[in-house]
Amino acid sequence: MNPFVNRTQADEYNESIQRVPERKPGVFVEERPIVGDVIALYWLDGKSEDKDLAWPPKWFNKAYRVDIKKEVSAFLKTGHIAELKGHEKLSFLKNDTLKEGLELLDISSRGNKADLVQQYAEFDDDVIESVVKYKAYKITDKGQKFLQQYQNIIAEHMALKNADPFNSEKKKLSRLELF
């Protein structure tokens, strides 16, 4: 028996520590966010499935340990982001996506992005939703309020965005305890 170690009873030990429930992967808990949640929510504003979510930055998984597609689902469930509908989402989509929708409507699909978006002006949101299947997202007021608490984390991430090619500093940032 080691003379430098005091034996404790299991009950004493359990009472002396604060247990934090394990976080399930892909589950966002507003009371116990991780840095990756904050960065993911900030990044998602104005992003769409056809370009941004098809190939998200690798640093989400590598540095911040979040699966951005699962985060989208979690943020939608908690009301931190909302799906843009109809005309709202057009400017966030790729030109190729806009052209495909116009071709389905038998309308000219030539021009720059502003021209393509303008071509949809005569159609209501239901028609646009039927030909443009990709989704786009925006941060809700609830999401903005959440992000206000973590402006320092966002600022630090933005400072590292292009200056950290090996994600080493982002990994350090991801280890911060927010709760």
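That block above? That's the structure.
Residue positions are counted from 1 within each chain, in the order its sequence is given. Local features in a predicted model are, by the rule used here, given only for residues with pLDDT of at least 70; side-chain atom pairs are given and counted only at 80 or more, and totals for whole chains, interfaces and linings are based on all residues. Working from all heavy atoms in the structure, the side-chain values ignore hydrogens and water.

## Brief notes about the environment of Ile153
- Examined against the element boundaries, Ile153 turns out to sit in helix 10 (residues 151-160).
- Placed 20 residues apart in sequence, Ile153 and Leu173 show a C-alpha to C-alpha distance of 7.9 Å. The secondary structure listing takes helices from DSSP runs of H or I that are at least 4 residues long and strands from runs of E that are at least 2 residues long, numbered from the N terminus.

## As for the nonpolar core
- One finds Val38, Leu44, Phe60, Tyr64, Ile81 and Ile153 to be the most contacted residues of the largest nonpolar core, which totals 30 residues.
- Within the residue set of this core, elements represented by two or more residues are helix 2 (35-44), helix 3 (59-62), helix 4 (68-78), strand 2 (136-139), helix 9 (141-148) and helix 10.
- At seven residues, helix 2 tops the list of elements feeding residues into this core.
- Residue contacts follow a heavy-atom distance rule, with two residues in contact if any of their heavy atoms lie within 4.5 Å. Excluding residues that lie within four positions of it along the chain, Val38 makes contacts with Phe146, Leu147, Tyr150, Ile153, Ile154 and Leu178.
- Here the nonpolar core consists of buried residues drawn from Ala, Val, Leu, Ile, Met, Phe, Trp, Tyr and Cys, with membership extended through side-chain atoms lying within 4.5 Å. Relative accessibility decides the category of a residue: with a 1.4 Å probe and only protein chains considered, values under 20% of the type maximum give buried, values over 50% give exposed, and everything between is partly exposed. The next biggest cluster of nonpolar side chains, apart from the first, holds eleven residues, and it includes Leu93, Tyr120, Val131 and Val132.

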